[in-house]
Amino acid sequence: MNLKTQASVTVNKIETSRINEVDFNNLSFGDEFTDYMFECDYRAGTWSNPTIKPFGPLSISPAAKVFHYGQAVFEGMKAYKDVDGKIWLFRPEDNFNRINHSSKRLAIPAFPKNFFFEGLETMLKLDSDWIKPGMGNSLYIRPFVIATQCGVSASPSDEYKFMILFSPAQAYYTGDVKVVIAEHFSRSADGGVGAAKAAGNYAAQFYPTNLAKEKGFHQVIWTDSNEHNYLEEAGTMNVFFRVNDTLLTAPISDRILDGITRRSVIALAKRDGIKVEERRVSISEITEASINGTLKEIFGTGTAAVISPVSDFSYKEQVYHLPKSTEGFATRFKKELTEIQYNQIEDTFGWRYLVE
Ligand code: COI
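Since the model is a prediction, treat every value here as computed from it, not as a measurement.

### Regarding helix α3 (residues 113-126)
- Compared with the 20 Å implied by 1.5 Å per residue over 14 residues, the 20 Å span of α3 between its first and last C-alpha is a close match.
- Buried within α3 are the following residues: F115, F116, F117, G119, L120, E121, T122, M123 and L124.

### Overview of the domain arrangement of the protein chain
- Domain boundaries in the protein chain define domain 1 (2-169) and domain 2 (177-341).
- For domain 1 and domain 2, the distance between their C-alpha centres works out to 28 Å.
- Taken together, the 20 residues of domain 1 in the interface contact 22 residues of domain 2.
- In total, about 1,800 Å² of surface goes out of reach between domain 1 and domain 2, with carbon and sulfur atoms giving 62% of it.
- Sorting the residues of domain 1 by area buried against domain 2 places F74, F90 and R98 first, and these three jointly supply 33% of that buried surface.
- Run the count over domain 1 and domain 2 and you get 1 salt bridge.
- We note a salt bridge from R263 to D94, for which the minimum N-O separation is 2.7 Å.
- At the boundary of domain 1 and domain 2, one finds 12 residue pairs in polar contact (both at pLDDT 80 or more).
- The set of elements that each furnish at least two residues to the side of domain 1 that touches domain 2 consists of β5 (72-74), β6 (77-81), β7 (87-90) and α2 (92-105).
- Per-element accounting of the side of domain 1 that touches domain 2 gives the leading share, 5 residues, to α2.
- A breakdown of the residues in the side of domain 1 that touches domain 2 according to their chemical character gives 11 nonpolar, 3 polar and 6 charged.

### Focus on the site of the ligand
- Residues in close proximity to the ligand include F74, G76, Y140, R142, Y172, K197, Y202, T236, T303 and A304, which together make up its full environment.
- Separating an oxygen atom of the ligand from a backbone N or O atom of T303 is a distance of 3.3 Å.
- Here the ligand has 280 Å² of accessible area as a free molecule, and 90% of this is covered by the chains.
- Here the shell around the ligand is composed, by residue class, of 5 nonpolar, 3 polar and 2 charged.
- Two domains each provide a minimum of three residues to the shell around the ligand, namely domain 1 (2-169) and domain 2 (177-341).

Conventions used here
- Residues numbered from 1 in each chain as written.
- Predicted model: local features only at pLDDT ≥ 70, side-chain atom pairs only at ≥ 80, totals over all residues.
- Heavy atoms only, no water.
- Helix = DSSP H or I, 4+ residues; strand = E, 2+ residues; numbered from the N terminus.
- Expected span 1.5 Å × (residues − 1).
- Buried < 20%, exposed > 50% of the residue type's maximum accessible area, 1.4 Å probe, protein only.
- Domains from an automatic or database assignment.
- Contact = heavy atoms within 4.5 Å.
- Buried area = accessible area lost by both parts, 1.4 Å probe.
- Salt bridge = Lys/Arg side-chain N within 4 Å of Asp/Glu carboxyl O.
- Polar contact = N/O pair within 3.5 Å; in protein donor to acceptor, adjacent residues only side chain to side chain.
- Nonpolar A, V, L, I, M, F, W, Y, C, P; charged D, E, K, R; others polar.
- Near = heavy atom within 4 Å.
- Areas by Shrake-Rupley, 256 points an atom, 1.4 Å probe, with all protein chains shown as cover.

Structural data, given as structure tokens:
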């Protein structure tokens, strides 16, 4: 059956849902996908024919530029269901703006806002049963764009595919997060693509992160590529350091992803009168604070990771332990943020977005 929505999103309905094949109590992040996917192609200078169809394989030429030059960007968002069955998004316009910002850096044409929201909201309603209510359950939303033009000349594609996938999710990290501070490898450099959610930014982290994993750590905290002296961000999260009662985090630059959870935590902290310093944070400042006992917390923020406390960090083969606490800033901000996201408390910031 084919349906048309207001922005002319075509819907090709599934015959039977796969939902009963999924064990919602044992989800591993990003492994299961819902019944539908959204797809829209860019050809001859325009995005056209936005379509929601059953989730399944694509047919793309092996010469498509995405396979050769990595011209691809993505986003990460989540949908939440409240106890009344209403579906909520969190600051979705920020994700929409950021994917187009990332696209610009990768010479990809901007995606239209009406297609984005019509496609996303229509699909959320079709896949509504995949969003389980209750704290900790969510639907991870993965919009992405790939270069589909066939040809291996090293130049921007003139054809693209914009897609949205949904994956039912629970926690990204289930226990303590242990990190290694980068001494040799870099995630990004001045003038590079660090601020974009470019697919290649993540691929480039896999090898150094594997080395960290071999030593029992989960992620790398990247440092500035010039001197490896300043702490920047972790693989899937922005990073905050609490020294006494002050929060420190690297400032947004063309090396750092402008995280939406990061921005939200800063707003919550400032509202509560907590001093937040967005400035370069040196490694020596943090190792010294750890030794003299003023380093109270390190935590990462991100859509997938939400707010994840770091339990240990390693630098120059020395491991530093963070005090264990359930009453720190990380716990407090996570509680308020998730209560806003699940429509459990008033949203004085206007961040919540109802899917109707
Ligand atoms: C997100 O938090 O959405 C991310 O981008 C992390 C992802 C790479 C798993």
